[in-house]
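# Remarks on the overall topology
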Amino acid sequence: MPDPTLAVSTLPPTQTDTAEAPNAEPALPGEGHRFGRLPTGAKLFLILSGALLPLALIAVVATLQITRLTDAEARSRLRIAANESARAIAVELVGDMNALRVAVNALGADPADAPSCARAQGVFAQQASAGARFEIADRQGRLLCGEHMPQPVDMEADEPVNAAVLPGKGLILSLTGGRSDVTARAFFPQSFLRKLGRPTSRATIFSSEMLLDDQTLALEPAPGDGAFQRREELRTPLGIADLELRTRMPSAPVTSSLIVALLLPLLMWAAAAGIAWLVVDRLLLRPLRQLRASVAAYVPGEVIDSRATSLPAPEIRELGETFRSISQTVADHEAGLEEGLRRQTKLTREVHHRVKNNLQVISSLIAFHARGARSPDATGAYASIQRRVDALAVVHRHHFAEMEVNRGLNLRTMVGELASNIRATASERAHAIGITLDVDAFLVNQDVAVALAFLITEMIELATSCDPAAQIRVSIKPDEQAERAVLRVVSRALVDGDLLRELASTRYGRVMEGLSRQLRSKLHHDPLTGAYEIAFSVTGRD
């Protein structure tokens, strides 16, 4: 059974590389909202537009309300004028047709009734000067009273009065007596009806026309229509023969003044928002963007030149001066730190150089005393001490060489030099040892390098103590875990045996155990193959 003291182990390494979820930065208020992603200029324009738009809408609504009041007033005047005109025409036409009806009935009973004809002529005497005339005739067309009218009018039996419109001339009304053998027709010229239908107030501008189904007789001509002319229209029945009087009056026109009155509030709204945005952009936002660009382009050690940009706002100009002052202070501090770092680097380099020289002096003194030793055991002890001092010197020298770039110590170079020093300081009876290296170019920090150098030295010392002609293989290869490597030292001299157990328990075991603790890993020993193996952390590869 192998000696349990050879199974060197340490406490399990602490898990320092536990995965941690990245800290999510808290979202700014409104950052997830679409409005929050807009530039400040766009936000300002939208806010001003929203604040001024109600005022513009109020002005537009007020203008439209004034237009509606004007239209209502125009409709009221139209209604008064239309009623007055329709009443005057209806009274005249109905009165004349009633007088004709009386005369038709009288002449139908007695065609020689001269007084009835005279009364009808008396009724039409005043209208005759304006061109109005009438005719009363029997079925055979024989004139009974009035003047002959050559143009007939179709009579409908179910209508008491029939009408016909002569476009551009006038209106013809006709009626039939009770026995249907005497008819009467009356012609009212267009000028007569126009004069009759004019209201007493001529201040109102309107147009009128008499309608009968699809026939039209214009009375008052319509004023000239414009492109945006609007009109109010009213139809008034005359109460005789389905006649209607259509009256039109111009309402408030869509003039350039009205268009300007409607568009001016909107233009003022857009102009106010645009001018406010322009002023804020020129006085505030653009200088801030320029200042931000200057700060973003800042390089440590330089001074922010805020005077190169035009900053109209005094507060922003003062902010730029503050940035310039801060950058000047930082540049001065960086210059001082850089000078101090140069002095510290020079001092550290001098200290490392002196330590390296002191280690070389100590190694030379040990070699000098080893040559004057009186016994082989003393010589071997001096050589053992010298090898450990050389191991530390190798690590220190490589660490000093890597100070300028600070990448870490190259294990391939360090282990190669360490093996050369061990061969050079081997005793006469151990000159036959062979050291084979298979080391990848891993990079480690100084603490790991020191522990590995001493651990390799102890393992080679242990192998040569068991067999002075031992053949030793040292390899450093990647581990299964990332950023870790495995040191493996294999030799037939390290196969389990009484001498190996004795040396491990009395001299080498505790040292190797302490070094494995320093590497924060467990040292494994395979007694059948004679291999020591330990994993350690690396900083990268060369």
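Please read these numbers as outputs of a predicted model, since none were measured by experiment.

Thresholds applied
- Residues numbered from 1 in each chain as written.
- Predicted model: local features only at pLDDT ≥ 70, side-chain atom pairs only at ≥ 80, totals over all residues.
- Heavy atoms only, no water.
- Salt bridge = Lys/Arg side-chain N within 4 Å of Asp/Glu carboxyl O.
- Buried < 20%, exposed > 50% of the residue type's maximum accessible area, 1.4 Å probe, protein only.
- Helix = DSSP H or I, 4+ residues; strand = E, 2+ residues; numbered from the N terminus.
- Pairing = 2+ DSSP bridges.
- Axes fitted to C-alpha atoms, helices over the stretch in contact; angles between N-to-C directions.
- Contact = heavy atoms within 4.5 Å.
- Disulfide = S-S within 2.5 Å.

## With respect to the pattern of salt bridges
One pass over the structure, following the stated rule, counts 19 salt bridges. For arginine 235, the salt bridge is made with glutamate 244, and the minimal N-O distance between the two is 3.5 Å. Accessibility expressed as a relative area gives 45% for arginine 235, which makes it partly exposed. In this structure, arginine 517 and glutamate 513 form a salt bridge, with 2.8 Å as the shortest nitrogen-oxygen distance. Of this pair, arginine 517 and glutamate 513 both sit in helix H10 (residues 498–518), 4 residues apart, roughly one helical turn. The class of glutamate 513 is partly exposed, set by a relative accessible area of 24%. Linked by salt bridges that have partners in common, Asp438, Asp440, Arg473, Lys477 and Arg541 make up one network.

## Section: the sheet that holds strand S3 (residues 161–166)
Strand-to-strand pairing in sheets goes through backbone hydrogen bonds, with the strands running parallel or antiparallel. The strand order S2-S1-S5-S4-S3 describes an open sheet built from 5 strands, whose pairing is antiparallel. With one partner strand each, in any of the chains shown, strand S2 (143–146) and S3 form the two edges of the open sheet. With strand direction ignored, the average angle separating the axes of adjacent strands in the sheet is 20°. As judged from the 6 bridges shared by strand S1 (residues 133–138) and strand S5 (residues 182–189), these two strands associate in the antiparallel manner. Note that in S5 the partner of phenylalanine 134 across the bridge is alanine 186. Of the strands in this sheet, S1 and S2 are in contact with helix H2 (residues 114–123), which crosses S2 at around 40°. Running at roughly 70° to S5, helix H4 (residues 190–197) makes contact with strand S4 (170–176) and S5 of the sheet.

## Structural notes on unusual backbone geometry
Notably, aspartate 213 is not glycine yet its phi reads approximately 55°, a positive angle. Its place among the elements puts aspartate 213 in the loop between strand S6 (207–212) and strand S7 (215–220). With a relative accessible area of 72%, aspartate 213 lands in the exposed category. Its identity as a non-glycine residue notwithstanding, arginine 520 has a phi of 55°, on the positive side. As for its placement among the helices and strands, arginine 520 is situated in the loop between H10 and strand S15 (524–526).

## Things to note about the state of the cysteines
Taken as a whole and judged by the stated rule, the model has 1 disulfide. The partner cysteine of cysteine 117 in its disulfide is cysteine 145, sulfur to sulfur 1.8 Å. What sets the handedness of the cysteine 117 and cysteine 145 disulfide is the S-S torsion sign, and at about 85° it is right-handed. Taken together, the residues span a long stretch of sequence, with cysteine 117 in helix H2 and cysteine 145 in strand S2 at a distance of 28 residues. In this structure, cysteine 117 and cysteine 145 share a single accessibility class: buried.

## A word on the sheet that holds S15
Spatial strand order, S11-S13-S14-S16-S15: 5 strands in an open sheet with mixed pairing. For this open sheet the edge positions go to strand S11 (434–439) and S15, each flanked by a neighbour on one side alone. On average, each strand axis in the sheet is inclined to that of its neighbour by 15°, with strand direction left out of account. The sheet contact formed by S11 and strand S13 (residues 471–478) spans 6 bridges and is parallel. Among the inter-strand pairings, isoleucine 435 is bridged to a residue of S13, identified as isoleucine 472.

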